[in-house]
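A structural walkthrough
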Amino acid sequence: MTGTGNLSRPTKLDMLAEEDTFHTARELLHLMLNEGFKHVDLFTATENNLPALTYLEPDVFLNLAEGQRSEFSDHVFRTLFPLGIPITGSSDAANGKATNKHTTKKILEENGIPTPHGVMISNPSELSPFPKELIFPLIVKPVLEDGSTGIYQKSVVRNVQE
């Protein structure tokens, strides 16, 4: 099941996911320096400093923005890609499809790729009557997050009341 809701307030787990991204970036920096790369910089891109990247003429931009910053990741891609700056990660169109679980499910099904049964709801009352194809236990997920952001132990439900 996926649902919509206000996910704009980062939780402790969301903040841990962001810290994991910073850890990954630091590890990549050390790995690249150890492999002999001479000019490697690590910084947090913001709306204010992103335009300055064009003056640096980077060989590649490793885009690690994700989770709460996925909209900014799209902005980074839309800013740098048209300028010919190679950037890792997905385009904003691909990102938009991939981070919307309902859209992804439809695309997979349309292409003959099996997916578990699921429904998208905005309110639990939409589950009456309960869809017969859904079998407990189920996982309740936010529809507009990627990875496991917004999924917790309490997301596993064993009956309609949970």
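Here's a quick rundown of the structure. (Residues numbered from 1 in each chain as written. Predicted model: local features only at pLDDT ≥ 70, side-chain atom pairs only at ≥ 80, totals over all residues. Heavy atoms only, no water.)

This paragraph deals with the overall build of the protein. When helices and strands are counted, the protein shows 5 helices and 5 strands. When the helices and strands of the protein are read in sequence order from the N terminus, they spell out β-α-α-α-α-α-β-β-β-β. Split into buried and exposed, the 162 residues of the protein put 27% on the buried side. Taking all contacts inside the protein whose residues are at least 6 apart in sequence as the whole, residues at least 24 apart take part in 55%. Accessible surface computed for the protein: about 11400 Å², of which carbon and sulfur atoms make up 57%. (Helix = DSSP H or I, 4+ residues; strand = E, 2+ residues; numbered from the N terminus. Buried < 20%, exposed > 50% of the residue type's maximum accessible area, 1.4 Å probe, protein only. Contact = heavy atoms within 4.5 Å. Areas by Shrake-Rupley, 256 points an atom, 1.4 Å probe, with all protein chains shown as cover.)

The next subject is the nonpolar core. In terms of nonpolar packing, the biggest core is built from 9 residues, these being Ala45, Leu50, Leu53, Phe61, Val76, Phe77, Leu80, Ile85 and Ile87. With 3 residues, helix α3 (residues 70-80) is the largest single contributor of residues to this core. (Core = buried A, V, L, I, M, F, W, Y, C linked by side-chain atoms within 4.5 Å.)

What follows covers the side chain of Ser155. Checked against the element boundaries, Ser155 lands in the loop between β4 (141-142) and β5 (156-157). Leaving out residues up to four positions away in the same chain, Ser155 has contacts with Leu138, Ile139, Val140 and Gly150.

Glancing now at the packing of aromatic side chains. Within this structure, the stated rule accounts for 1 aromatic pair. Their ring planes at 20° and their centres at 5.1 Å tell us that Phe130 and Phe136 sit as a pair that is stacked. Taking relative accessible area as the criterion, Phe136 reaches 28% and is therefore assigned partly exposed. (Phe/Tyr/Trp six-rings, centres within 6.5 Å; stacked < 30°, edge-to-face > 60°.)

We now examine unusual backbone geometry. Note the cis peptide between Ser128 and Pro129, where omega equals 0°. Its location among the elements puts Pro129 in the loop between β2 (120-121) and β3 (138-139). Across the junction of Phe136 and Pro137, the peptide omega takes the value 0°, indicating a cis bond.

The next point concerns helix α5 (residues 101-110). The N-terminus of α5 is capped by Asn100, whose side-chain oxygen sits 3.0 Å from the backbone nitrogen of His102. One or two residues past the end of α5 sits Gly112, with phi positive at roughly 75°. (Polar contact = N/O pair within 3.5 Å; in protein donor to acceptor, adjacent residues only side chain to side chain.)

Here we come to the pattern of salt bridges. Applying the stated criterion across every chain yields a total of 1 salt bridge. As a salt-bridge pair, Lys105 and Glu109 come within 3.2 Å of each other at their nearest N and O atoms. Taken together, the residues Lys105 and Glu109, both in helix α5 and 4 residues apart, mark about one turn of the helix. When its relative accessible area of 17% is taken as the criterion, Lys105 is described as buried. (Salt bridge = Lys/Arg side-chain N within 4 Å of Asp/Glu carboxyl O.)

On to the environment of Thr115, then. By secondary structure assignment, the location of Thr115 is in the loop between α5 and β2. Overall, Thr115 belongs to the partly exposed group, its relative accessible area being 24%. With 11 residues separating them along the chain, Thr115 and Thr104 place their C-alpha atoms 10.0 Å apart. When residues no more than four places from it in sequence are discounted, the contact partners of Thr115 are Lys105, Leu108 and Glu109. Polar side-chain contacts of Thr115 include one of 2.6 Å to the side chain of Lys105.

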